[in-house]
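So you can see what is in the structure, the chains are spelled out below.
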Amino acid sequence: MSADLPWQDLGLSRVRVVTAEGGSLLDGGLVSSDSAAEERTDLPCAVYPEGEDDRVPDDAYDLRLFARVLHPTLPDHRLSTVAARYGLEIACPARLAASLFVAMLEEAIGLDRELVALLARLVPPPLSVLFDRILLLPRPERGLGEKPEVTGEAAKAEPMGTDAAEVLGSGGAIAGALPAYEERSGQLRMAEAVQEAFREGEALLVEAGPGTGKTFAYLVPAILHLVAEPSARVIVSTRTKQLQEQLYGKDLPFLVEQLATGLSVALLKGRENYLCLRRWQAVIGEMVGGLEEDRLVLLAPLARWMLESETGDIDENGAFLGASGSRALWNRLCDVATHCVGAYCPFLDECFSIAARRRARKADLVVVNHSLLLGDLAVGGVVLGRYTHLVVDEAHSLEATARTAFTRSLSERIVARVADELAPSGRRPGWLRRLTLPSGIEDVRRASDHVATVRRRAATLFRSLDRKLPDDRRGTFSSLSALEPRIGETTLALEELEMALDRIGGRIEAEETLKELEGHIDRVSGLAEVAKEITVPPDENTVHWFEREFDGPALHATPLDVAPFFQRLLYPRIESVVLTSATLSMAGDFDYLARSIGLTDGVLRVRTAVVESPFSFRERMKVAVPAYFPPIDSESDAYVEALASLLATVTARLEKKGLALFTSYRMLRAVRDRIPAELATFAQGVDGPRSKLIERFRSHPGAAILLGTESFWEGVDFPGEEMEFLVITRLPFAVPTDPILSALADRIAREGRDPFRDLSLPQAVLKLRQGVGRLIRTKDDHGIVILTDQRVLSRSYGARFIESFPVVADRFEDESTLVREVAGWFEHGGRAEPPQQDATRDWN
């Protein structure tokens with residue numbers, strides 16, 4: 001606490017600080033309790049709002065905004081979180097907020113004056129006035145962003161062992177660095193297999209159950225191979241950014257320190273994840289003094305971060321991403337290939353995206369995500385450069401990610417986004433309006449007219465399609481020209497706009513502006529190409545389909561079989577590939593995955609392995625199937641009624657938290673409406689956005705049920721008491737009328753194979769395993785799985801699903817027996833008990 005700050009110069013000699021729990025008085029930097037502080041309207045006021053959306057009076061200092069500006073990378077900006085950043089521990093929230101205000105003022109006064117001046121332009125008063133007053137104070141000795149010089153290189157250590165299993169064993173280097181380390185036989189087997197795949201030039205498909213330690217099982221062999229073979233280079237690809245961050249920020253630093261400190265490692269994301277400094281400057285210029293000036297505050301959390309960040313990766317900046325409207329604004333700030341002016345950029349030397357790509361090209365091991373991996377292959381490897389070995393984690397999603405990555409799309413929103421860059425219909429000035437071409441004014445005017453024509457014709461086209469397309473949410477079409485002839489008018493308008501922009505190029509002399517123009521032409525040309533492609537019938541490996549989005553229909557052209565892509569562009573350029581996930585096979589059969597990504601012995605020698613989880617599922621998991629449930633395809637509401645009753649009864653009886661997985665929002669909402677109001681229920685799409693829903697469910701004390709659909713079947717973890725029972729409400733078959741699945745099924749049938757056996761069933765079984773995997777994620781987890789879909793009993797394929805469970809499933813003939821036994825299972829500490837008389841394992 002400092003009473004030495006220039007309080008009078010800051011206009012804060014006396015200020016009342018208010019929180020939801022009360023107020024305090026800040027008098028010359030000294031905090032005192034004042035029960036009437038909230039009523040002292042004669043004094044300046046500082047407010048720390050409880051929630052991000054809570055409104056702060058216009059004349060009050062918004063302390064949460066102050067915190068978001070100074071510390072944009074904190075995980076959240078609750079009072080307690082920000083206070084912990086300063087080491088403040090005060091029980092009274094109002095006094096804590098006042099002490100925090102002082103600490104943040106001290107930090108703000110130490111900021112570089114150029115940054116302070118920028119913040120004064122970005123935040124609203126009275127914070128802007130405060131930053132203006134700070135500008136008049138003496139400058140700090142060292143400005144923000146002036147990093148202390150670091151000299152010398154890290155010492156290079158000799159690798160500790162060359163055998164992966166030895167390194168990971170109980171007497172190895174990893175055990176020596178981790179006191180609580182436990183040797184895992186499955187991890188050793190997988191590490192040996194990965195090391196052999198690297199050494200022998202093989203393709204390895206390895207399924208590794210929860211708790212195997214698969215990340216170390218592939219990272220350790222990768223590091224050892226890089227040490228032994230200096231010319232080798234490894235790419236590790238993941239599905240999610242979260243796993244990317246874990247590998248790069250936690251696992252790899254530890255392993256490199258233990259095994260090879262001279263090894264260079266890099267993290268690379270798609271360029272749209274990085275801030276473009278040139279676009280940042282352009283957006284600031286557009287907003288200051290313009291019609292968007294009220295949105296400047298959205299940029300405030302970026303100001304300090306962009307000076308301090310080593311990477312410019314927006315995922316670091318939770319303060320910006322958490323604000324409403326930030327996602328749309330980021331589209332104007334991020335690095336995009338068609339906006340990049342390359343060598344003509346005035347910020348070339350400071351470019352975050354270029355720096356990230358340079359680090360990656362020089363690194364021995366690079367962590368990427370599937371989308372970037374696939375995008376790099378599509379452009380001939382110019383981003384990642386040459387690499388010899390590839391590890392794909394979360395490989396179960398590789399086929400679907402590839403299909404999405406190579407989908408071409410057209411919608412009114414996509415057209416409008418490209419048009420808005422040139423001549424917005426809203427508050428932004430746009431690129432054409434910013435051009436200063438005295439000799440080309442008429443060409444610019446014509447181009448602006450063509451932009452208006454494109455926007456008008458696209459709106460007409462998609463309004464007409466909205467009426468003419470089937471009422472289904474998704475469906476296929478063949479030739480769009482047969483459905484709506486006006487697609488030709490839209491295509492022609494795009495081509496005429498492209499020519500108009502090309503004419504402007506002859507009037508431009510500045511190389512930077514010419515590069516900007518090239519980017520705009522490329523985007524318009526790309527839209528015209530997509531429009532022409534969907535005008536005619538697709539080839540045999542493409543499906544044309546539509547989906548109804550919130551703002552109208554969108555049209556897509558999607559490849560069906562992506563195996564040729566991998567066979568042509570990936571496998572010939574690498575020596576080995578390792579694909580791993582917790583769910584890759586059907587009872588040890590990897591044929592579906594191998595076929596879907598074109599991995600055959602003719603390409604690389606293929607080996608497969610299943611590494612069982614070290615967890616004792618027999619002691620930790622119980623699976624129940626209620627045989628008394630009505631058929632799920634019944635036209636009555638009986639199934640929904642039975643499901644709502646079961647969820648309410650189980651939740652109340654167990655007094656625990658559970659997750660119910662659905663395959664449709666329609667059934668989810670119907671069940672939600674029938675669950676008693678007194679039961680804590682959190683339903684996706686009903687009770688708030690996904691991220692907030694998860695946060696509320698986790699923090700809720702006592703029994704609760706979370707109802708989720710597609711995005712909850714994988715990629716979300718609720719360890720320990722956060723989730724102790726899981727209800728699978730329907731076997732997760734894809735909708736038969738899904739346009740992509742339907743087209744794939746037709747293709748498989750033409751090849752003489754069975755679409756159900758070779759496509760629908762494998763996909764559903766793998767997805768079920770992903771869903772069940774939500775329950776047991778750590779060695780301390782335990783719980784119940786209840787599968788209510790009677791098709792596992794009545795259909796011949798049901799056994800394939802039953803076999804996919806890690807424990808034997810029990811069948812129950814009535815609800816009371818089921819509830820009594822699962823409750824008893826918990827009461828006995830989760831130990832397997834003999835089935836009672838009316839619970840049977842007879843599935844015949």
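**Here's the deal with the sheet that holds strand β11 (residues 408-411)**
In spatial order, the strands read β11-β14-β13-β12; together these four strands make up an open sheet with antiparallel pairing. Only two strands of the sheet have a single partner each, and these edge strands are β11 and β12 (474-476). Each adjacent strand pair in this sheet contributes to an overall mean axis angle of 20 degrees, direction not counted. Note that β12 and strand β13 (residues 542-549) share three bridges and pair antiparallel. Residue pairing across strands places G475 opposite F546, the latter belonging to β13.

**Looking at the pairing of strand β6 (residues 203-208)**
Burial analysis of β6 places six of its six residues in the buried class, which makes it a mostly covered element. Here β6 shows two buried faces, one formed by A203, L205 and E207 and the other by L204, V206 and A208. Where β6 and strand β15 (residues 576-581) come together, five bridges link them in parallel fashion. Counterpart to L205 in the pairing with β15 is L579. With six bridges joining them, β6 and strand β16 (residues 606-611) adopt parallel strand pairing. Within β16, the position partnered with V206 by the bridge is A609.

**Quick notes on the sheet that holds β6**
Ordered in space as β8-β9-β7-β10-β15-β6-β16, the seven strands form an open sheet in which the pairing is parallel. Among the strands making up the open sheet, the edge pair consists of β8 (265-267) and β16. Going from strand to strand, the sheet's axes swing by 15 degrees on average, the running direction of each strand aside. The sheet strands contacting helix α11 (residues 241-259) are β7 (234-238), β8 and β9 (365-369), and the helix crosses β8 at an angle near 165 degrees.

**Points about the pattern of salt bridges**
Tallying each qualifying case throughout the model produces 60 salt bridges. For D58, the salt bridge is made with R55, and the minimal N-O distance between the two is 3.3 Å. In this pair, the class of D58 matches that of R55, namely exposed. Between E516 and R278 there is a salt bridge, and its shortest N-O distance comes to 2.3 Å. Remark: R278 occurs in helix α12 (residues 277-287) and E516 occurs in helix α24 (residues 511-535); sequence separation between them is 238 residues. Across the pair, exposure class does not vary: E516 and R278 are buried alike. The network of salt bridges with shared partners includes D561, R747, E751, R753, R757 and D758.

**So, the nonpolar core**
In this structure, F66, F101, L268, W280, L299, L333 and F566 are the most contacted members of the largest nonpolar core, which totals 106 residues. In terms of residues, this core owes the most to one element, helix α4 (residues 93-109), which gives 10 residues. With near-sequence residues (within four places) excluded, F566 lies in contact with L374, L398, A402, Y571, P572 and I597. Membership of the second largest hydrophobic core comes to 46 residues, among which are A165, A175, A193 and A217.

**Thoughts on helix α30 (residues 690-699)**
Residues of α30 that are buried include every one of L693, I694 and F697, and no others. One side of α30 carries all its buried residues, which in axial view fall inside an arc of 100 degrees. Opposite the buried face of α30, at more than 90 degrees from it, the exposed residues are S691 and S699. Considering only its buried residues, α30 is in contact with β18 (657-661), β19 (681-683) and β20 (704-708).

**Describing the packing of helix α17 (residues 370-378) against helix α18 (residues 398-405)**
Two elements in contact, α17 and α18, have axes separated by 10 Å at closest approach and are oriented at 55 degrees. Judged on the interaxial angle alone, α18 and α17 are oblique. Crossing of α17 against α18: the hand is right-handed. For the pair α17 and α18, contact is made by H370, S371 and L374 and by L398, T401, A402 and A405, respectively.

**Concerning the packing of aromatic side chains**
This structure, assessed with the given rule, holds 19 aromatic pairs. Between F66 and F131 the ring centres are 5.9 Å apart and the planes differ by 85 degrees, which places this aromatic pair in the edge-to-face class. Of this pair, F66 sits in helix α2 (residues 63-70) while F131 sits in helix α6 (residues 127-135), and the two are 65 residues apart along the sequence. Each of the two residues, F66 as well as F131, counts as buried. Plain terms: the ring middles of F629 and Y639 are 5.6 Å apart, the flat faces sit at 80 degrees to each other, and that makes the pair edge-to-face. Of this pair, F629 sits in the loop between β17 (621-626) and α28 (638-654) while Y639 sits in helix α28, and the two are 10 residues apart along the sequence. Each member of the pair F629 and Y639 is classed as buried. Taken together, the aromatic side chains of Y61, F66, F101 and F131 make up a single cluster linked through ring pairs. One cation-aromatic arrangement involves R85 over Y86; the distance from NZ or CZ to the ring centre is 5.6 Å.

Rules used in this analysis
Residues numbered from 1 in each chain as written. Predicted model: local features only at pLDDT ≥ 70, side-chain atom pairs only at ≥ 80, totals over all residues. Heavy atoms only, no water. Pairing = 2+ DSSP bridges. Helix = DSSP H or I, 4+ residues; strand = E, 2+ residues; numbered from the N terminus. Axes fitted to C-alpha atoms, helices over the stretch in contact; angles between N-to-C directions. Buried < 20%, exposed > 50% of the residue type's maximum accessible area, 1.4 Å probe, protein only. Contact = heavy atoms within 4.5 Å. Salt bridge = Lys/Arg side-chain N within 4 Å of Asp/Glu carboxyl O. Core = buried A, V, L, I, M, F, W, Y, C linked by side-chain atoms within 4.5 Å. Arc of directions from axis to C-beta. Parallel < 35°, antiparallel > 145°, perpendicular 65-115°, else oblique. Left-handed = near helix turned anticlockwise from the far one by under 90°. Phe/Tyr/Trp six-rings, centres within 6.5 Å; stacked < 30°, edge-to-face > 60°. Lys NZ or Arg CZ within 6 Å of the ring centre and 35° of its normal.

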